[in-house]
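A look at the structure
Each chain is listed here by its residues.
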Amino acid sequence: MAFDITGMMGKVKELQDKMQQAQQEIQHITATGEAGGGLVRATANGHRKILKLEIDDTLLTPQDRDMLADLVVAAVNKALDEAAELAAQELKRKTSGLMPNVPGLDLSGFGA
């Protein structure tokens, strides 16, 4: 059985096209993280950009300023972690079956 370089190059091109399409679609994935029992909510997209930050009015008193900062950080980090996970799942779904299982070939840098 001969190695089919033309077929392999076609698969690589197909993979590149699918990866580019998936990267464009990832921006539409959103995830929301909450902290403080929902007092602070942050929403991020698949490109790890914060789209929205909601802070309950009850937190806007002077004595709560330090707690507010901690809650914002916690909510943002939760949203970013969830968005990254959803983006990785989408990339895997889009590229499933396009590349052969080659031992030692690590595509994790591509989100796959």
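Residues numbered from 1 in each chain as written. Predicted model: local features only at pLDDT ≥ 70, side-chain atom pairs only at ≥ 80, totals over all residues. Heavy atoms only, no water.

Things to note about the overall build of the chain
This is how the line gets drawn: Counting from the N terminus, the helices are DSSP H or I runs at least four residues long and the strands are E runs at least two residues long. Think of it in three bands: residues with accessible area under 20% of the maximum for their type are buried, residues over 50% are exposed, and the middle band is partly exposed, with areas taken using a 1.4 Å probe on protein chains only. By definition in these notes, contact holds between two residues if any of their heavy atoms fall within 4.5 Å. Using a 1.4 Å probe, accessible areas were evaluated by the Shrake-Rupley method; residue-level cover was limited to the displayed protein chains.
Looking only at helices and strands, the chain has 2 helices and 3 strands in total. Per-residue burial for the chain yields a buried fraction of 27% across its 112 residues. Sequence separation of at least 24 residues holds for 51% of the intrachain contacts in the chain that already meet a minimum separation of 6. Only carbon and sulfur atoms are counted for the fraction: they give 53% of the accessible area of the chain, which is about 7,600 Å².

Considering the sheet that holds strand E2 (residues 40-45)
Note: strands within a sheet are paired through backbone hydrogen bonds, in either parallel or antiparallel orientation. Under the convention used in this document: Strands are treated as partners if at least two bridges between them are detected by DSSP. Angles here are taken between N-to-C directions and fall from 0 to 180 degrees, while the axes themselves are lines fitted to C-alpha atoms, restricted in helices to the stretch in contact.
Pairing within the open sheet is antiparallel, and its 3 strands lie in the order E1-E2-E3. Strand pairing shows two members of the sheet lacking a second neighbour, strand E1 (30-35) and strand E3 (50-55), which therefore form its edges. Pairwise comparison of adjacent strand axes, ignoring direction, gives a mean angle of 15 degrees for this sheet. Sheet topology places E2 next to E3; 5 bridges connect them, and they run antiparallel. Within the sheet, the bridge partner assigned to Val 40 lies in E3 and is Ile 55. Contacts from helix H2 (residues 65-95) reach E1, E2 and E3, with the element oriented near 150 degrees to E1.

As for the UniProt feature "coiled-coil region" (unreviewed entry) in the chain
Using the following cut-off: UniProt positions are given in the numbering used here, feature names are shortened, and annotations may be inferred rather than shown by experiment.
As recorded in UniProt, the sites labelled "coiled-coil region" (unreviewed entry) are residues 5-32. A distance of 44 Å separates the end C-alpha atoms of residues 5-32, which is 79% helix and 11% strand.

Observations regarding the pattern of salt bridges
Using the following cut-off: Think of a salt bridge as a Lys or Arg side-chain nitrogen and an Asp or Glu carboxyl oxygen that are within 4 Å of each other.
With the rule as written, the count across this model stands at 4 salt bridges. A salt bridge links Glu 54 to Arg 41, with the nearest nitrogen and oxygen atoms 3.5 Å apart. With Glu 54 in strand E3 and Arg 41 in strand E2, the pair connects residues that are 13 residues apart, well separated along the chain. In this structure Arg 41 comes out as partly exposed when scored by relative accessible area, which is 28%.

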